[in-house]
Amino acid sequence: MSGVNQIRTTFLDFFSRNGHEKVASSPLVPLNDPTLMFTNAGMVQFKNVFTGFEKRHYARATSAQKCMRAGGKHNDLDNVGYTARHLTFFEMLGNFSFGDYFKEGAIELAWTLVSRELGLPRERLLVTVYHDDDEAYGLWKKIAGFSDDRIIRIASSDNFWSMGDLGPCGPCSEIFYDQGESVAGGPPGSPDEDGDRFLEFWNLVFMQYDQTAPGERVPLPRPSIDTGMGLERIAALLQGVHSVFDIDLFRRLTGAVADATGVDAAGPQAASHRVIADHLRASAFLVADGVTPSNEGRGYVLRRIMRRAMRHAQLLGAAEPLMHRLVGALVTEMAQAYPELTRAERLIRDTLLTEETRFRQTLARGLAILDEETATLAQGGSLSGETAFKLYDTYGFPLDLTEDALRSRGLSVDKAGFETAMARQRAEARKAWAGSGETATESVWFAIEERVGATEFLGYDTEKSEGIV
Ligand code: ATP
Ligand code: MG
Ligand code: MG
Ligand code: MG
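Residues numbered from 1 in each chain as written. Chains lettered and ligands numbered in written order. Predicted model: local features only at pLDDT ≥ 70, side-chain atom pairs only at ≥ 80, totals over all residues. Heavy atoms only, no water.

The protein appears in an unreviewed UniProt entry as Alanine--tRNA ligase from Methylosinus trichosporium. You can read under Sequence similarities (unreviewed entry) in the UniProt record for the protein the words "Belongs to the class-II aminoacyl-tRNA synthetase family." A UniProt comment under Subcellular location (unreviewed entry) is attached to the protein, and it reads "Cytoplasm". (UniProt positions renumbered as here; feature names shortened; annotations may be inferred.)

This is the structure:
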């Protein structure tokens, strides 16, 4: 059975043998790209190479890229622990052609890797193409020998990629694996496609056009290729398990959670083990890349992730801070591929311990309030916005933590009420400033704050355009 570390190497070596330069992962905080909260795909570090703005000494590259999809346009945070395929932090394996090979080369390489090198059975595989991409359709038929029912035409934006409102764009083709009838879910494009039976594991993007103005697209003189395969997802397929949380790496991490808490990782509380394992990776890699917990922007996304994990530690009955005790297990699993984990190990432990020690002072009290306030609510009911705001403001509960806490009981939060309470508090704070004989600087500050919104919420969806696979 191939472990995660071996699969990563197999992928990179395959493309290296086929003329691709091995390029190291870039940091999770994108360099020179303020429009993007976190690196969320392998192509991010190559954006300027695709547009021709930057030249490299190679025309083909391959990488294993650290990605975060929490905060920003691609936010999988609420899925984690509840679907079998979403993580907040994951690795994206990719191959890239900068005006070198195009559709035929990309499909040929992908097919050789998947069917020969990795040995996935052809009868389990199917692909999607963009609805009018007859060329990709024909190439899959020719190269993989797929029958028509294995090549699904999709018209949605899922199968059309663009870098932003303007710039390179083009159709995608995605590779899916049928995990069998025992898993719920329908084929791509069907109403129940969100199930896990048909697992998407590789996205091939054919950068074919340049969007020069709204509604105006011209062919790129040298079309390019950008692909992204989730390492944890391909590992699940190769290891014959249905969930990314059952691959070798995650079993050892959830096992470490079980050892530290004495709660079985395969028991009824398994979702907590999964959330903790995922959030441990996300937190550790963010800290290693220089993010510190704070109340705004990237730091607030980190804080939210840490605090969510800490609530789950509490659910498992941890009487002392837990997260910092798991860092060693993570380093054992991943530091060979990512030595920054070893360099930052001490800082990661200290950050987790400080944050958890502080949060534990209000966590239990906040959870007790949450229980009191929801004791009489029936399924489908919602917590008042006032209470959610009090938990946020006084007890340090990020809104998504409260929502996560209510989820298992079939309850939600009155979000509009939460926003109103937030706005009222801001208005009162402003009045207080005015009453204290405010200075010019203070009024400018409030004007800015109003214009950009509450800084705490920068994490949700402030980005307009993102480069994603
Ligand atoms: P999904 O539809 O499952 O949410 P996606 O279409 O958003 O995936 P892409 O943007 O196409 O994903 O990213 C390329 C690949 O990266 C995916 O095919 C998948 O293997 C992997 N991937 C994407 N999001 C995640 C995630 N949250 N956790 C783990 N792997 C992921
Ligand atoms: Mg997605
Ligand atoms: Mg998808
Ligand atoms: Mg996709």
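J.: For this particular structure, what's the right way to read the overall build of the protein?
T.: What the protein contains, in helices and strands, is 16 helices and 11 strands. Its C-alpha atoms give the protein a radius of gyration of 23 Å, within 12% of the compact-globule value 23 Å for 469 residues. Counting only C-alpha atoms, the protein reaches 70 × 55 × 45 Å along its principal axes. The burial tally for the protein puts 56% of its 469 residues in the buried class. (Helix = DSSP H or I, 4+ residues; strand = E, 2+ residues; numbered from the N terminus. Rg over C-alpha atoms; globule rule 2.2 N^0.38 Å. Buried < 20%, exposed > 50% of the residue type's maximum accessible area, 1.4 Å probe, protein only.)

J.: Could you clarify how one ought to interpret the site of ligand 1 in this entry?
T.: What surrounds ligand 1 is a group of 16 residues, the closest being Asp76, Arg85, His86, Glu200 and Asn203. Between an oxygen atom of ligand 1 and a side-chain N or O atom of Arg85, the distance comes to 2.7 Å. Measuring from a nitrogen atom of ligand 1, one finds a backbone N or O atom of Leu87 at 2.9 Å. Listing elements by their share of the shell around ligand 1, those giving two or more residues are β3 (89-97), β8 (198-213) and β9 (216-230). The biggest single contributor to the shell around ligand 1 is β8, with four residues. Its residues placed into classes, the shell around ligand 1 shows six nonpolar, four polar and six charged. (Near = heavy atom within 4 Å. Polar contact = N/O pair within 3.5 Å; in protein donor to acceptor, adjacent residues only side chain to side chain. Nonpolar A, V, L, I, M, F, W, Y, C, P; charged D, E, K, R; others polar.)

J.: Whenever I open this one, the nonpolar core confuses me. Can you help?
T.: Soluble globular proteins tend to bury their nonpolar side chains together. Of all hydrophobic cores here, the largest spans 137 residues; its most connected members are Trp140, Phe201, Trp202 and Ile234. Discounting chain neighbours no more than four positions away, the residues touching Trp140 are Ile107, Trp111, Val127, Val129, Gly145, Phe146, Ile151, Ser173, Ile175 and Leu204. (Core = buried A, V, L, I, M, F, W, Y, C linked by side-chain atoms within 4.5 Å. Contact = heavy atoms within 4.5 Å.)

J.: Before we go on, may I ask you to explain the coordination of the magnesium ion (ligand 4) in this structure?
T.: In a perfect tetrahedron of four donors around a metal, the angles come out at 109.5 degrees. In a perfect octahedron of six, they are 90 or 180 degrees. At this site the magnesium ion (ligand 4) is bound by Glu174 (OE) and Glu200 (OE), with donor distances of 1.9 to 2.2 Å. Here the magnesium ion (ligand 4) and the magnesium ion (ligand 3) are spaced 3.2 Å apart, and both take Glu200 as a donor. Here Glu174 is found in strand β7 (residues 167-178), whereas its partner Glu200 is found in strand β8, with 26 residues between them in sequence. (Donors = N, O, S within 2.8 Å, 3.2 Å for Na, K, Ca; no water.)

J.: So what exactly am I meant to see when it comes to the packing of helix α7 (residues 270-288) against helix α11 (residues 345-374) here?
T.: The description of two helices packed together rests on the angle between their axes and the distance between the axes. Running from N to C, α7 and α11 cross one another at 120 degrees; their axes reach a closest spacing of 9 Å. The pairing of α7 with α11 is recorded here as oblique in orientation. Crossing of α7 against α11: the hand is right-handed. Counted together, Leu280, Ser283, Ala284, Val287 and Ala288 of α7 and Leu347, Ile348, Thr351 and Leu352 of α11 form the full contact between these two elements. Within the contact of α7 with α11, the residues separate by chemical class into seven nonpolar, two polar and no charged. (Axes fitted to C-alpha atoms, helices over the stretch in contact; angles between N-to-C directions. Parallel < 35°, antiparallel > 145°, perpendicular 65-115°, else oblique. Left-handed = near helix turned anticlockwise from the far one by under 90°.)

J.: Honestly, helix α9 (residues 327-334) in this entry has me stumped. Any pointers?
T.: Every α-helix winds through 3.6 residues per turn, so residues three or four apart in the chain are directed the same way. For α9, the complete set of buried residues consists of Val327, Leu330, Val331, Glu333 and Met334. Burial along α9 is one-sided: seen end-on, the buried residues are contained in an arc of 165 degrees. (Arc of directions from axis to C-beta.)

J.: Can you help me understand the packing of α9 against α11 in this one?
T.: Running from amino to carboxyl end, α9 crosses α11 at an angle of 145 degrees, the nearest separation of the two axes being 10 Å. Here α9 and α11 pass one another in a crossing that is right-handed. Of the residues in α11, those touching α9 at Val327, Gly328 and Val331 are Glu345, Ile348, Arg349 and Leu352. Considering only residue class, the contact of α9 with α11 consists of four nonpolar, one polar and two charged.

J.: Is there a simple way to think about the environment of Arg325 in this case?
T.: One can find Arg325 in the loop between α8 (297-315) and α9. For Arg325, a relative accessible area of 49% puts it in the partly exposed group. Distance from Arg325 to Val257, taken between C-alpha atoms, is 9.0 Å for residues 68 residues apart in sequence.

J.: Teacher, can you tell me more about a negative patch on the surface here?
T.: Taken together, the side chains of Asp158, Asp192, Glu193 and Asp194 present a region of like negative charge at the surface. Following the sequence through the fold, Asp192 ends up in the loop between β7 and β8. (Patch = residues over 30% accessible without salt bridge, like charges linked within 9 Å, V, L, I, M, F, W, Y side chains within 5 Å. Areas by Shrake-Rupley, 256 points an atom, 1.4 Å probe, with all protein chains shown as cover. Salt bridge = Lys/Arg side-chain N within 4 Å of Asp/Glu carboxyl O. Lys, Arg positive; Asp, Glu negative; His and termini not counted. Charge placed at Lys NZ, Arg CZ, Asp CG, Glu CD.)

J.: Sorry, what's going on with α7 here?
T.: With 19 residues, α7 should reach 27 Å at 1.5 Å per residue; the first-to-last C-alpha distance of 27 Å fits that figure. In terms of residue burial, α7 counts as a mostly covered element, since 16 of its 19 residues are buried. Following α7 by one or two positions, Gly290 adopts a phi angle in the positive range, close to 95 degrees. (Expected span 1.5 Å × (residues − 1).)

J.: Honestly, the pattern of salt bridges in this entry has me stumped. Any pointers?
T.: Oppositely charged side chains are able to pair whenever their charged atoms sit close together. Applying the stated criterion to the full structure yields 30 salt bridges. For Glu54, the salt bridge is made with Arg56, and the minimal N-O distance between the two is 2.9 Å. Residue Arg56 is classed as partly exposed on the basis of its relative accessible area of 28%. Its salt-bridge partner being Asp400, residue Arg308 comes within 2.7 Å of it at the nearest N-O pair. Separated by 92 residues along the polypeptide, Arg308 in helix α8 and Asp400 in helix α13 (residues 399-407) bring together distant segments of the chain. Assessed through its relative accessible area of 2%, Arg308 is described here as buried.

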